[in-house]
Amino acid sequence: MFLPYMPDVARCELSLRELNQMWQLIESSARMNCPAEARLLLPAMVTTRTGFAQLEQSLITNLVQEKVKQVLTRLGTQARYAIDILVRNLFERTADVGFLATDADLCAFVAGSDHAGAALDAARRRLAAYRDKYTVYDDIVLLDTAGRVLVQADMGTPVLRSADPLLAATLAADGYVETFRATDLRPGTSRALVYSHRMRDSRSGETVGVLCLCFNFEHEMDAIFAAYRDPSHRANMLLLDADNRVVSSADPLWIPPGVRVPVNAGGAARPLLFGGREYLVQTFGCTDYQGYPGPAGWKAQLMVPLDLAFRDSGADAMDGIDADLVQGLLSHAQAFSPPLHALMTAVTRTTRTIGRIVWNGKITSRSGADDDVNTGAGAGRNRLNTILDQITGTGARSDALFSRSIRDLYQTVLAASIGQAELTAQLLVDMLDRNLYERANDCRWWALTAQLRSGLAQPGPGQEAAIGAVLAQINRLYTVYARLFLYDRQGRIVAATGTQPLPRSQVDAATLGRVCALRSDLDHHVEPFAPSPLYGDAPTFIYHAAIRHPGQPSTVVGGIGVVFDAGPELANMLHSGVAGRRNMHAYFITPERQVLASTDAAHPPGATLALPAAQLATLLAAVDRCGRGSGSQIMEYDGQYVIAACSRASGYREFRRGAGVEQPVLALLLESFGPVRDRRELAALSAQGAPVEQAEAVASGGADYAIFHAGRALMALAARAVQEAVPFARVQRAAGNYPARVGMLDVAPGGGSKQFVWVFDLALLATGSAATITDNSQVMLVNLRSGGSGAGTIGLLVDDLHSVQQFADSALTASPIGAGSQALAPSLITANGGKLLIEAIDLERLALRLGL
C-alpha cells in the first residue's frame, strides 16, 4: 500500500529480485556442470538462497515500516506540541478573566451611574494599560447586565450593544465562560474566542455587568502554525473541533476552515482518503493542564499526502559524523531499533554463510587437486572454482546492497530521533518563554491594582490586612506562584502570601534599587535564577514591578514581587516534552551550564551540567548554523552515545525583546543510545565486518593453506588436513576436565556416516587466552592423520574464516616465538610483500598438545 510512494525502496526491491535470480542461476549451474564436486555445497546454497529471499522480504518490510513510522512520529509530535501549547495559553486566559473581573476600579465603573466623560476616559485608559501588557487580547469589553457596552479597549471596531447569548450564560455562571463562534462583540470577524466573567459591585456584592476578554485567536494560531508546521509545507496543520471540522488551517487554500476531515487519534499506520487524495494523518486532542481541559473536543491534526510523505530532503543524518561514532551507535541497534538489529544480524549471518560455502568449496577443490591427474576430475574442479567465484562475486554484490539498504534504514531511524529531539528542544523554550511572558505581564498589571497603590501611598490601620487579602485572592487564581509579596519604598515587606512563614522582612538593596529605577509601568525586573529564602532556599525566578503613587505616577512607593513556583512548573514543561521517553533527559540551562530544571536526578536545579563547555559551544554553533532555532549533534557524553539537541529561548511576542532584562536560557535534550565502545571493541566489530587484506598467492606450485582468525591473529593450516567448516552454533557444549575442550559436534565428514568429534578452543591452545564466542565463531573439522599423528578428526573453534590460498615454500620462515616444543606455530607465512604474517599451525605439535 505504501511501497508505490517510496521510489528508493522500490528500486532496492528490484535490485534484490535481480540478485535472487542470480542465486538461482548459480545453483542451477552447479547442479548441471559439477554435480559431484558441488554435492556437499548444494544444500547450503539452497539454504542461502532461501535465506536471501526471506531477507529481501524482511528488508523491504522494515524499510517501509520505518519510513511510515518516521512520518507518523514526526506528524504526531507536531500535533501534540501544537495542542499542548494552545491549551497552556488558553489556561492563562481563564485566570486573567477571573482576576480582571474583580478589579476594583473597573467594578466601580460598571456599578456606577457615570459611564461618560472623565469616568469613561479613566476606564478606557485602564483597559488600554491592561492590553498594553497582555498583548494576546485584541479587545476588552465591559457590559452592563442588559448588554449595553459601557467601555471597550478597541475603538477601531465600536460596539454599542450585544445580544449574544453568552451574556446570559455568563451572568448565570459562577466562573468563566469560554465561547468560540461568531459574536456581535467582534463585528467584521467570522468568529472570536471570548472569555467572559460576571462583575460584582465590590460593596453590595450585586452582579452589575460582564467582562469579556477577546483573545487574538488568529494571531496565536498563525504563531503556532509557523513554529510547529512542517517547514517544507508538504503537510498541513489543522485545528479541529469536536465534529472534526477545521477550525483553523495553516494553509486554508489547501484545506479550508469549516470542512470535515478524517481523523486518526489512535495513530494507526493506514492512509485516509480526503478530497480524492490519500493522506497519512496524526491527531492529538487536548490534555488537561492545571485542571483546565481546553475547549471541548478541540484537537490538532497533521495531514500529509502519501505522494509527498516520503520525499527526502536529501540531508544525511550521518554526514560529517566520525566513523567511530556511527559504528558505535550502530552497535546498539538492538536497544533503539530491534527490527534494524534483527535485520543486521540476519544479513551478517547470511554473509557468513556465503563465506563459509566459498571457503568450504575452496577446501574441497584444493584438497582434491593432487588426485586430478589420476582421476581426471580436474575439469570438474575447475568448473567448481568458477561457480565459487560466481558465488563470491554475487555474495559481495548482495552484501553491498544489504549494507547500503541497512544504512538507509539506520539513516531513517536516526533522522527521526534527531528531528524529534530538535522539535522537542524548540517546544521547551517556546513553553518557557510563553510562561515567563505571563509572569512578566502579571507583576506589571498587579502593580496597577488600586488597593495596592493606595495601601502603599497612604498606609494606615487595616491597610496591610487589606493588601494581604488582595494578594491572597490573586494567588488563589494564579496557582503558578509560590508566593506574592508587597514591599514599600524602603524595601520592607508589608504583606505576603504563602503556606510557610515569611523568612525575611526586607527586599535586598540591589533589587530594590533596580525596581525603583524602572521607568514606566511597562517595565519589570527579574532576579536571576538563584536560590531564594522566599522559595525555601530553592532556586527560582522572582519577577518585580514598581508600584507608583496613584496621584503622582512618577513617584515609586514600593514594589510587588511574584515568586514563580519554578520547581514543579519547569519540571512539568520538561516532562511534557520528554513524554515518557526513557532514554531521554531534558534540561533548562543557562549558557554557563547552570541547571534551572531537569528530568535527570543527577543534575538538580542549581547544579552545573557535566557537559563540557567545548561540547556545548559546538552544539550552539550547530544551532546558529541550521537557522531553524534548534540544532543537534551526535556525540559522546557521560560514557554514552547521545543525540544532543539544543534551542535558545528567543522570546514570545514582546517578551525578551529588550536586551539585558531576561536571563538567557537554553533547552537541552540528551537522548542516550548505549555505552561508548572502547577502541578494542570497535576494532573487533570492524574486523568482523570487513575482510582482512588478501594475501598474495603464487602462480603455481607450493602448498594450499586454509586461513582463519583465531586469538586476534591470522593463522593457517594445511588445506589437505581440513575437511570443512561449520557454524559454532551446532556445537553441543560439554563440561570436561580439559580446559580447551569446549564441546562435541555431530558431523558426517565427506557425506559419510555421522560421528561425534570433540571441539577444542584453538585460541586457548595457541595463545593461552580463551576465545570469545560470537555469532561469527566457526568450527573447522581437521583430520589429524594428514599430519602423521595417527589420530582422527577433531573440531577447532576459530573466530572467523578468511580464505583458502596457495603459498610457495619460500614464503615460510621460522617464527621467532615458535622455537619451543610447546609452540603450535613454528613457522610464519609472509604475504603482501612481507607486510602480513600468518601463523602456520603444525598438525603434529597440535596432536601432541591434545595428547592424541
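Keep in mind it's a predicted model, so treat the numbers as computed, not measured. (Residues numbered from 1 in each chain as written. Predicted model: local features only at pLDDT ≥ 70, side-chain atom pairs only at ≥ 80, totals over all residues. Heavy atoms only, no water.)

(A) Seen up close, the overall build of the protein chain. Per the secondary structure count, the protein chain includes 20 helices and 32 strands. On C-alpha atoms alone, the protein chain measures out to a radius of gyration of 38 Å, which is more than a quarter above the 29 Å that the 2.2 N^0.38 rule sets for 852 residues. With respect to the three principal axes, the spread of C-alpha positions in the protein chain is 125 × 60 × 45 Å. Within the protein chain, contacts between residues at least 6 apart in sequence are counted, and of these 63% link residues at least 24 apart. For the protein chain, the exposed surface amounts to about 35900 Å²; the carbon and sulfur share of it is 52%. Here the protein chain contributes 76 positively and 83 negatively charged side chains, and the mean placements of these two sets differ by 2 Å. (Helix = DSSP H or I, 4+ residues; strand = E, 2+ residues; numbered from the N terminus. Rg over C-alpha atoms; globule rule 2.2 N^0.38 Å. Contact = heavy atoms within 4.5 Å. Areas by Shrake-Rupley, 256 points an atom, 1.4 Å probe, with all protein chains shown as cover. Lys, Arg positive; Asp, Glu negative; His and termini not counted. Charge placed at Lys NZ, Arg CZ, Asp CG, Glu CD.)

(B) A look at the packing of aromatic side chains. Applying the stated criterion across every chain, the model contains 20 aromatic pairs. Ring centres of F217 and W298 lie 5.8 Å apart, and the angle between their planes is 55°; this geometry places the pair in the tilted category. Note that F217 is positioned in helix α6 (residues 217-228) and W298 in the loop between β9 (277-285) and β10 (299-305), a separation of 81 residues in sequence. Comparing F217 with W298 shows no difference in burial state: the two are buried. Here the aromatic residues F99, W446, Y478 and Y481 are joined through ring pairs into a cluster of three or more. The ring of W758 is capped by R741, whose NZ or CZ atom sits 4.2 Å from the centre of that ring. (Phe/Tyr/Trp six-rings, centres within 6.5 Å; stacked < 30°, edge-to-face > 60°. Buried < 20%, exposed > 50% of the residue type's maximum accessible area, 1.4 Å probe, protein only. Lys NZ or Arg CZ within 6 Å of the ring centre and 35° of its normal.)

(C) Quick look at the pattern of salt bridges. With the rule as written, the count across this model stands at 28 salt bridges. Two residues, R181 and D164, come together in a salt bridge whose shortest N-O distance is 2.5 Å. With a gap of 17 residues between them, R181 in strand β3 (residues 177-181) and D164 in the loop between β2 (149-152) and α5 (166-172) connect regions that are remote in the sequence. A cluster of three or more residues bridged by salt bridges with shared partners is formed by D138, D139, D154 and R186. (Salt bridge = Lys/Arg side-chain N within 4 Å of Asp/Glu carboxyl O.)

(D) Seen up close, the nonpolar core. Counting residues in each nonpolar core, the largest one holds 166 residues, and the members touching the most others are L280, I391, W446, L570 and F588. When residues no more than four places from it in sequence are discounted, the contact partners of L280 are F2, V71, L72, L75, R270, L302, M303, V304, L306, A309 and F310. Counting 31 residues, the second-largest nonpolar core is a separate cluster that includes A706, V722, I841 and L850. (Core = buried A, V, L, I, M, F, W, Y, C linked by side-chain atoms within 4.5 Å.)

(E) Layout of the sheet that holds strand β31 (residues 827-831). Spatial ordering of the open sheet is given by β29-β21-β22-β32-β31-β30, a layout of six strands whose pairing is mixed. Single-partner strands in this sheet number two, and they are β29 (800-807) and β30 (812-814). On average, each strand axis in the sheet is tilted by 35° relative to the strand beside it, whichever way the strands run. Two strands pair when backbone bridges link them, and strand β21 (residues 703-710) and strand β22 (residues 713-718) are joined in this way by six bridges, in the antiparallel orientation. Paired with Y705 across the bridge in β22 is A718. (Pairing = 2+ DSSP bridges. Axes fitted to C-alpha atoms, helices over the stretch in contact; angles between N-to-C directions.)

(F) Highlighting the packing of helix α2 (residues 42-100) against α6. Between α2 and α6, the least distance of the axes is 10 Å, while the angle of their chain directions is 150°. One way to sum up the angle between α2 and α6 is to call them roughly antiparallel. Taken as a pair, α2 and α6 cross one another with a handedness that is right-handed. Contacts from Q78, Y81, A82, I85, L86 and N89 in α2 reach E220, M221, I224 and Y228 in α6. Across the contact of α2 with α6, the residue classes break down as seven nonpolar, two polar and one charged. (Parallel < 35°, antiparallel > 145°, perpendicular 65-115°, else oblique. Left-handed = near helix turned anticlockwise from the far one by under 90°. Nonpolar A, V, L, I, M, F, W, Y, C, P; charged D, E, K, R; others polar.)

(G) Examining helix α15 (residues 509-516) more closely. Among the residues making up α15, those that are buried are T511, L512, V515 and C516. An end-on view of α15 places all buried positions within 130° of arc, on one side of the element. Structurally, α15 contributes buried residues whose contacts are with β11 (481-488), β13 (525-532), β14 (538-548) and β15 (556-564). The backbone nitrogen of A510 lies 3.3 Å from a side-chain oxygen of the residue at the head of α15, namely D508. (Arc of directions from axis to C-beta. Polar contact = N/O pair within 3.5 Å; in protein donor to acceptor, adjacent residues only side chain to side chain.)

(H) Broad picture of the confidence of the model for the protein chain. In this model, the protein chain carries a mean pLDDT of 87, and residues with pLDDT of at least 70 account for 92%. Within the model, pLDDT remains below 50 along residues 687-697, and this stretch shows 28 contacts once partners closer than five positions in the same chain are excluded. (pLDDT = per-residue confidence, 0-100.)

(I) Quick peek at the environment of D132. Along the chain, D132 turns up in helix α4 (residues 117-133). When its relative accessible area of 47% is taken as the criterion, D132 is described as partly exposed. Each C-alpha atom, one on D132 and one on W445, is 9.6 Å from the other, the two residues being 313 residues apart in sequence.

(J) Structural detail: unusual backbone geometry. In this structure, N244 takes a positive phi of about 65° despite not being glycine. In this structure, R712 takes a positive phi of about 60° despite not being glycine. R712 sits in the exposed class, given a relative accessible area of 67%.

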